[in-house]
Structure formats: structure tokens, C-alpha cells
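The primary structure of each chain is shown beneath.
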Amino acid sequence: MRKTQLGAGPTKRTAAYQLSIRSLIDRIAAIAPLTISTWTPASAQAQSAPAAPKPVQARPRFMPQLTPEQIAALPKWTEMTMTTRDGVKLAANVFLPTGGGPFPVVLSRTPYLKDALGDLAGYSAKKYTDAGLAFVMQDVRGKGHSEGFYEAFVPDLEDGYDTVEWAAKQTWSNGRVGMVGASALGITTNLAAMAAPPHLVAAYVIVAPYDQLLNVYPGGVLKDEDTLGWLKGQGETQAQLDAVSGGAANSAFWNEHAMTSQRKFIRIPMYNQGAWYDIFNDGNVENFRWLQNFGSKGARGNQKLYMVPAGHGGLGAEKSDVEYNQPGATVPATEEMRWWEYWLKGTDNGIMKEPPVTLFMMAAGRKGHPSAASHVFMSPNWPPANHPTAYYLSGDMHLSTKLPTAADAKISYKFDPANPVKTYGGSNLLQTAGPLDQRPIGRRQDYLRFETPVLNQDVAIAGHVDMWLWAATDGLDTDFMVKLVDVYPDGYEQIILDNPIRTRYRHGRDPDDVALMTPGKPEELHIDLWNTAFTFEKGHKIQVTVTSSNATKFEINPNTGEPFGAATGTAPRVATNTIYFDRRHPSAMTLPVLKPAP
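Now for a look at the structure at hand. Computed from a prediction, not measured in an experiment: that's the story for all the values here.

**Description of the packing of aromatic side chains**
Inspection of every chain in the model, using the stated rule, returns 16 aromatic pairs. Ring plane angle 75° and centroid distance 6.2 Å describe the contact between W166 and W172, whose orientation is recorded as edge-to-face. In this structure W172 comes out as buried when scored by relative accessible area, which is 11%. Plain terms: the ring middles of W276 and W382 are 5.9 Å apart, the flat faces sit at 40° to each other, and that makes the pair tilted. With W276 in strand β7 (residues 270-277) and W382 in the loop between β10 (375-379) and β11 (386-393), this residue pair connects regions lying 106 residues apart in the sequence. Note on accessibility: W276 and W382 belong to one class, buried. Site record: aromatic cluster; members linked through ring pairs are Y204, Y271, W339, Y342 and W343. A cation over an aromatic ring shows up here: K143 above the ring of Y150, its NZ or CZ 4.5 Å from the ring centre. Its guanidinium or amino end placed over the ring of Y505, R509 lies 5.5 Å from that ring's centre, counting from NZ or CZ.

Listed below in C-alpha cells is the structure:
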């Protein structure tokens, strides 16, 4: 189907694609909302001076304002270099605790420059050195003071292995190494874990994906603003942008370092910390689920998961009227250090006797009116025990748990690529993320809202959400997009989950699976909506929406059936798309409904 297939040869187009997509992957992993530490240094001792010292130097948003005296008290570092297996020298800042050592080691590998914080570099290291742990922050290959050519995450499996083994052999190290990182640093941590260096004991990973193909092109649809929008800002050529648009099919390139294909080699305990509105929601949850239940010796049964109501940046801020500020809505600052105390220092602090899964169960969250239904929930596994319950679409625009009985029921709408539905919230990176109101979309003929009656009791869900949609189009290809929404008594429509499917990928993403539609023929489409934990409260309504666009979050389908990323003279066309919900074509969203409390 596609003219661009990685592995077909080292063409200029393929090279352009690889450079663009690696830059894109690097950027998608760039903004971590959940800080590794919430430590705040104590105020400096009073100094005899004519005036209080003024804060200096611009601070990242996760850091407090520090005085010169507080900065001077931060841990100092020594820059050290190591040589990889292919002779490239990598540079790292090494922070050591007081005392003679040797010490357990916590390692981070970053593409964002180990010296980016200047004299504040010791801020991130202090909690480790205070706990008697050496902390190592290394520039990845081709960044900062490290030699070599930078390719986002391409050499980090081998370089991660070599760095762990180097750290284990230093005189200040006792040979027990852990790795920590958020977002891009979480990816380098996962890659090192897949390499299985003998001295890597454990890892702590924050907001990181499990499969870049599925994250960059969910359902086969490219994330537009988070990908092409960013690449345009970097001056990418149209040929490079086209190559990225044409890269949604599976390939050896996508698999070479994917967790889905390489996680079977992980042999360590890993703590995954994620967020319900994060762009990598599925990554932390799926990595935990697979390693905990199906992982190799050393990994299976030794995993932990903590999920909170956050995004990969903020959570809607002034654009949302929903917030979650109850206890447990952020990961306790002590959690990471408890992990290292157990696995690096051998202190039996009880962390592995606690349930493996801790999550924040979201519910209604209007600002100033927190709900008691929002709370911390612990589980022995993911997903928690639940009853997959189908909510069927019906001709009266309702949702019902009863199978449809109509012999013929369907609804059609016109999808005009020139007039797409706009994006409001969800799991975004460059756009506002979080539980934004969907009412600004308005009443459109191409935005179908299906709702339950007003709930007479709470409906709590926790687990994976799927949509099984019977649909047809009058052309060869189109998109369908669904959302799960909580409708408040006053009408506020809080988005919970959303994802698309490009119909040519309905059978799968491998090249041989790609197939265009037969015009007018209804087919069952599966849409993976990822995971959540949410309580639809009594008096609210559960809403499922169906449409064919969500701009500028997702690339718009021109409905022509031609390959994406290829030059064409064919103009976009208005598609007539049809949704079915009769007894032969039961369209439904499957929700993981929790068992009622005893």
C-alpha cells in the first residue's frame, strides 16, 4: 500500500523519515510533569548581611526559589568519562555522599544536558546523596560533553548497558546500580533494562511509552500538533513531513527498540509511575501489566505501578473547570526513596508487602467542589477485578447495557475534512491536556453523542477501555474517533479518554494487513482507548461520542484512499460515514466496571 517502507533500502526518503521521526520521538518525550523529587532544601542559616539574599538564576518550574547560600550547600559533582564498546567517550556528573563508601548507585541518562541546570545541578542529586546513594547523571551519546553522533534512543540500549557496568566497577560503587528517569530519561531507562546489564538491580520509570508506533500513530492516525506541528517549527522540509505522515505501518525500524518486542529480556523489578491524562498513559500501565504477569525471572511478580490524575504537563489549568487536589493525587515524595532503600540498600521497609498497584480513582472534580468518590485505590494487579460491561449504542442516541433488538438501525453523517471537529483536552503534549469541557464543540451533524439515562447509582470503572464500532464509508478510507465522557448534572462534558482508528488499519498495522474499505460495506472496527480509573457518579450520565476528526490533535483524513505522505493531485472529498447499531451490528463501548463493594 505504501510507497515508503522502512527496510526497503537506504533511500533518501527513508533517511529523511528516520531523522524526522527520531527527532519527533525525542520531542514527544521531552516534557515530564511528574518531578522525580519534591524535596525542598531547608532555609539557609541566617547570615549577618545588610539585606536578605535575593533568589538567583532562572528556575525550572519544578524547583523552588533558592538563595545563593542554599545553592552553595547543594551537593557538588565530579565529571567523569567512560568509553563505550565502540570507543565513544560519554561524560557524566558524579555526586557522592559523605563518608568512605562504596555506595549503591542511582543512574540517569539524559539527552537534555547534564549541565543544563548549571550550579543548580545538585538539586536533583541531594535526596540521593542524603540517603547514602551515589547519583550519576550522564549525557547520552552526541549530547553535552559526550562524544558521538546523536540519534534519539537508537544507541541507548547498548550505551545504557555499558554505563551501568562502568558505574558498577568504580571504586565508589558497591556494584548495585539502579536507574531512574522521567519521559525521555524513562525511555533510556527502559532501553537499558531491556539490555539486561548484570549489575542493574532495579529501575524507577516515570511517564514513558511501551511502543512508539502505537503512541505516535494511535489507531494508525498521526498525532498532528504533537508531531507535524513541532517538526514544522524545526524547519523540516515537506519531504520529511510527508515521510512522517506515511510511517504508520509497522516495520523493523519501529520494532528494533520497542518494549513490546524486547521487554521479555528485562529481568529486574521496575516501578512505573504514570498519569491518566498523560500521552504515555498506556506505556506505564502496559509495561507493568506485562512484566508483572508474564515477565522473565526477576521481573515477574516484582513490579509496582502508581497512576495519578495528571498530564505530560499541566491538567487544563484555566481552560478546565476540573481539578483533583485530594490526598493521593500526586505520588508521595517518599515512594521512590523507599524503592531504593529496599532494592539497593536491602532495607525491608515493607514496600514489597504492599499491593503492587496504587491508583487515584477519579470522579467529579469541579474546582472548589472535590468529590468523596475521588480517592486512592489499591489493587493486587492491573487491571483490578472487574466486569467488562458493554454499553451499546442505540437509535435514540442512548447507551444501554442491553443488546440491540432492531433489525435495521443506523445513522449517517457527512465528514468534511475542511470543517473538522476541534480538539478540547485529552492526552495531549503541545496542546492543553486534561479533563476539558466538550460542550464548545457544539451540536454538529458529524459529532454524535450517545448517553445513558441519568445514573441512579455510581458506576466505577478501572481497567482497559475498548470500542467495537460497526461502521461504513462511501469511499475507500476514512477515520472514526470515539470519546468516553462524563456528563455532569449541569451539562459539563468532561473528557476521560479518546482515540481513533484509520479504517485501512482495521485488520492490523503490519504491511500485509493494510486494506482499503469496500464502499458502503459495514465492518467492525476496534478502537483501543487505553486505560483509566473513574467513577461516574449518581446523577451524572455516561457519554460516548462518535465522529471522524479531532483537530489539531490528529491528522485529518482526506477520505481519498491514497497513500499518506505521497504526492497527489486528488482533492480531499466529503465522506458519508455510517454508524450501525442493530442486532447484527451491535456497536458498543466495553467498560471495566468494578464489582460492587461488599
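There's more to say after this.
**Looking at the sheet that holds strand β4 (residues 134-139)**
Taken together, the 10 strands give an open sheet; going across it, the order is β1-β2-β4-β3-β5-β6-β7-β8-β9-β10, and neighbouring strands pair in mixed fashion. Every interior strand has two partners, whereas the edge strands, β1 (78-83) and β10, have only one. Strand-to-strand, the axes of this sheet are offset by a mean angle of 25°, without reference to chain direction. Strand direction decides the pairing type here: strand β6 (residues 200-206) and β7, joined by four bridges, are parallel. Bridging from a neighbouring strand, I206 pairs with Q273 of β7.

**Quick word on helix α5 (residues 184-195)**
With 12 residues, α5 should cover 16 Å at 1.5 Å per step; its first-to-last C-alpha distance of 17 Å lies within 8% of that length. The buried fraction of α5 is high, at 12 of 12 residues. Within α5, burial applies to A184, L185, G186, I187, T188, T189, N190, L191, A192, A193, M194 and A195. Following α5 by one or two positions, A196 adopts a phi angle in the positive range, close to 55°.

**Re the sheet that holds strand β14 (residues 448-451)**
Reading across from one edge, β14-β19-β16-β17 is the order of the four strands in this open sheet, with antiparallel pairing throughout. Whereas interior strands pair on both sides, the edge strands pair on one side only; in this sheet they are β14 and β17 (493-502). The mean inter-strand angle of the sheet, taken between neighbouring strand axes irrespective of direction, is 20°.

**As for the packing of helix α7 (residues 224-233) against helix α8 (residues 238-245)**
It is the contact of α7 with α8, at a shortest axis distance of 11 Å, that shows an interaxial angle of 165°. In terms of axis orientation, α7 runs roughly antiparallel to α8. As for the relative orientation of α7 and α8, their crossing is right-handed in sense. On α8, the residues that touch L228, L231 and K232 of α7 are L241, V244 and S245. Looking at the contact of α7 with α8, its residues break down into four nonpolar, one polar and one charged.

**A closer look at the nonpolar core**
Within the largest apolar cluster, 67 residues are counted, with the highest numbers of intra-cluster contacts made by I266 and W340. Ranked by the residues each element gives to this core, the list is headed by α5, at eight residues. Among all residues touching W340, those that are not within four sequence positions of it are V106, Y128, L133, G178, M179, V180, A202, A203, Y204 and K345. Of all hydrophobic cores here, the second largest spans 56 residues; its members include A471, Y492, A533 and V546.

**As for the environment of D159**
Locating D159 in the fold gives a position in helix α4 (residues 156-168). When its relative accessible area of 2% is taken as the criterion, D159 is described as buried. It is 9.5 Å that separates the C-alpha atoms of D159 and V88, two residues lying 71 residues apart in sequence. With sequence-adjacent residues up to four places away left out, D159 is seen in contact with T84, L90, R109 and R141.

**Focus on the side chain of Q292**
Position of Q292 among the secondary structure elements: in helix α11 (residues 281-294). Side-chain polar atoms of Q292 contact the backbone nitrogen of N302, separated by 3.3 Å. Once you skip the residues sitting within four places of it in the chain, Q292 turns out to touch A299, R300, G301, N302, Q303, P356 and N381.

**Some details on the pairing of β11**
Of the pairings in the sheet, the one linking β11 to strand β21 (residues 588-594) comprises seven bridges and is antiparallel in character. Note on β21: the bridge partner recorded for P388 is P592. Of the strand pairs in this sheet, β11 and strand β12 (residues 399-400) are connected by two bridges, and their pairing is antiparallel. Bridging from a neighbouring strand, Y392 pairs with S400 of β12. Connecting β11 to the next strand, β12, in antiparallel fashion are five residues, including M397 with a positive phi near 65°.

**A look at the pattern of salt bridges**
Summed over all chains, the structure comprises 25 salt bridges. Between R338 and E335 there is a salt bridge; the shortest N-O distance is 3.4 Å. Taken together, the positions of R338 and E335, both in helix α12 (residues 334-343) and three residues apart, correspond to about one turn of that helix. Residues R338 and E335 agree in their burial class; the two are buried. Measuring nitrogen to oxygen at the nearest pair gives 3.2 Å for the salt bridge that ties R573 to D474. In this pair, R573 sits in the loop between β19 (541-547) and β20 (575-580) while D474 sits in the loop between β15 (459-473) and β16 (479-487), placing the two residues 99 residues apart along the sequence. For D474, a relative accessible area of 35% corresponds to the partly exposed category.

**Things to note about empty space enclosed by the protein**
To locate leftover empty space, one rolls a probe as large as a water molecule over the atoms. Scanning all chains against the criterion turns up three cavities of 30 Å³ or more. Computed from the structure, the second largest cavity encloses a volume of approximately 80 Å³. Forming the walls of the second largest cavity are 13 residues, and the residues nearest its centre are W276, S427, I496, L497 and D498. Those elements that provide at least two residues to the lining of the second largest cavity are β7, β17 and β18 (523-536). Counting residues per element, the lining of the second largest cavity draws most heavily on β17, which supplies five residues. When its residues are assigned to classes, the lining of the second largest cavity shows seven nonpolar, four polar and two charged.

**Section: the pairing of β15**
In terms of burial, β15 is largely enclosed, as 12 of its 15 residues are buried. Here β15 runs beside β18; their pairing, made up of 12 bridges, is antiparallel. Paired with A471 across the strands is E523, a residue of β18. Where β15 meets β21, four bridges bridge the pair, whose relative direction is antiparallel. Counterpart to W468 in the pairing with β21 is A588. Pairing of β15 with β20, which is carried by four bridges, proceeds in the antiparallel orientation. Note that in β20 the partner of A472 across the bridge is T578.

Procedures and definitions
- Residues numbered from 1 in each chain as written.
- Predicted model: local features only at pLDDT ≥ 70, side-chain atom pairs only at ≥ 80, totals over all residues.
- Heavy atoms only, no water.
- Phe/Tyr/Trp six-rings, centres within 6.5 Å; stacked < 30°, edge-to-face > 60°.
- Buried < 20%, exposed > 50% of the residue type's maximum accessible area, 1.4 Å probe, protein only.
- Helix = DSSP H or I, 4+ residues; strand = E, 2+ residues; numbered from the N terminus.
- Lys NZ or Arg CZ within 6 Å of the ring centre and 35° of its normal.
- Pairing = 2+ DSSP bridges.
- Axes fitted to C-alpha atoms, helices over the stretch in contact; angles between N-to-C directions.
- Expected span 1.5 Å × (residues − 1).
- Parallel < 35°, antiparallel > 145°, perpendicular 65-115°, else oblique.
- Left-handed = near helix turned anticlockwise from the far one by under 90°.
- Contact = heavy atoms within 4.5 Å.
- Nonpolar A, V, L, I, M, F, W, Y, C, P; charged D, E, K, R; others polar.
- Core = buried A, V, L, I, M, F, W, Y, C linked by side-chain atoms within 4.5 Å.
- Polar contact = N/O pair within 3.5 Å; in protein donor to acceptor, adjacent residues only side chain to side chain.
- Salt bridge = Lys/Arg side-chain N within 4 Å of Asp/Glu carboxyl O.
- 1 Å grid on protein atoms, 1.4 Å probe; cavity = no way out; pocket = protein on both sides within 12 Å on 5 of 7 lines; lining within 4 Å.
- Points joined across faces, edges and corners; volume = space filled by probe spheres on them.

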